[in-house]
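# A structural walkthrough
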Protein chains: 2
Amino acid sequence: MFVILVYDTAAERNPKVLKTCRRYLHWTQRSVFQGELTPAQYRALTNALETVIDPTYDSIVTYTTRSPDYIETATIGVTLGGPGDIL
Amino acid sequence: MFVILVYDTAAERNPKVLKTCRRYLHWTQRSVFQGELTPAQYRALTNALETVIDPTYDSIVTYTTRSPDYIETATIGVTLGGPGDIL
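Below, the structure is looked at part by part. (Residues numbered from 1 in each chain as written. Chains lettered and ligands numbered in written order. Predicted model: local features only at pLDDT ≥ 70, side-chain atom pairs only at ≥ 80, totals over all residues. Heavy atoms only, no water.)

## Describing the pairing of strand β1 (residues 2–8) of chain A
Residues and elements named next belong to chain A.
- Counting buried residues along β1, 7 of its 7 residues qualify, which places the element largely inside the surrounding structure.
- Here β1 shows two buried faces, one formed by F2, I4, V6 and D8 and the other by V3, L5 and Y7.
- The sheet contact formed by β1 and strand β3 (residues 32–36) spans 5 bridges and is antiparallel. In the sheet register, I4 faces β3, and the bridge partner there is Q34. (Buried < 20%, exposed > 50% of the residue type's maximum accessible area, 1.4 Å probe, protein only. Helix = DSSP H or I, 4+ residues; strand = E, 2+ residues; numbered from the N terminus. Pairing = 2+ DSSP bridges.)

This is the structure in structure tokens:
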């Protein structure tokens, strides 16, 4: 499955959220990750995120499709997410 | 078409980016909008965004599918994007 993940979490929890997302997905842009995961990896990621966020304050949204073929990506401006970009 | 838009733009341009996105899409979360657009509306949105961003610094990514039926959305933590949420 193809996963796009966006997070809106308190600054003090961002490092842990980033670290968790980076274990499973590629950084796309500030607050955005994407990548292909198996359903088991997706569950592991969401379970791990549940342990690092405050569910009464933070918000993480995932958009998933069966394959990246179902989704078109377009960029306006610079393309981030390359190996030289600083998280 | 169903559109998810994420932006990573310089703070001084964020108000214009927000205002432009709000004309076409619903605010989902910090830096994230989504909604259903016609292809003509999508082109109008991306054309308008090209005039407000600095294409050498800012980055906007759109993910589009033919219909929201191709994509599953899940939220961990709080659901933002309701009418009471402050942008």
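## Describing the sheet that holds strand β5 (residues 72–77) of chain B
- Taken in spatial order, the 5 strands line up as β2(A)-β3(A)-β1(A)-β4(A)-β5(B) in an open sheet, and their pairing is antiparallel. Each end of this open sheet is capped by a strand with a single partner; those strands are β2 (26–29) of chain A together with β5 of chain B. Neighbour-to-neighbour, the strand axes of the sheet open up by a mean angle of 25°, direction not taken into account.
- Strand direction decides the pairing type here: β2 of chain A and β3 of chain A, joined by 3 bridges, are antiparallel. What sits directly across from H26 of chain A, in β3 of chain A, is Q34 of chain A.
- The strands that helix α1 (residues 14–24) of chain A touches are β1, β2 and β3 of chain A; relative to β1 of chain A, the one it contacts most, it runs at about 175°. (Axes fitted to C-alpha atoms, helices over the stretch in contact; angles between N-to-C directions. Contact = heavy atoms within 4.5 Å.)

## Considerations on the relation of the copies chain B and chain A
- Placing chain B over chain A gives an RMSD of 0.0 Å and needs a rotation angle of 180°, together with 0.0 Å of translation along the axis. Such a turn and shift between the copies fits a two-fold axis. When each C-alpha of chain B is compared by its distance to the rotation axis, Y70 of chain B comes out closest, at 3.4 Å.
- An overlap of 100% is found between the interface residues of chain B and their copies at the interface of chain A, pointing to a shared contact surface. (Least-squares fit on C-alpha atoms with pLDDT ≥ 70 in both.)

Note that every value here comes from positions in space, so none of it alone points to a role or purpose.
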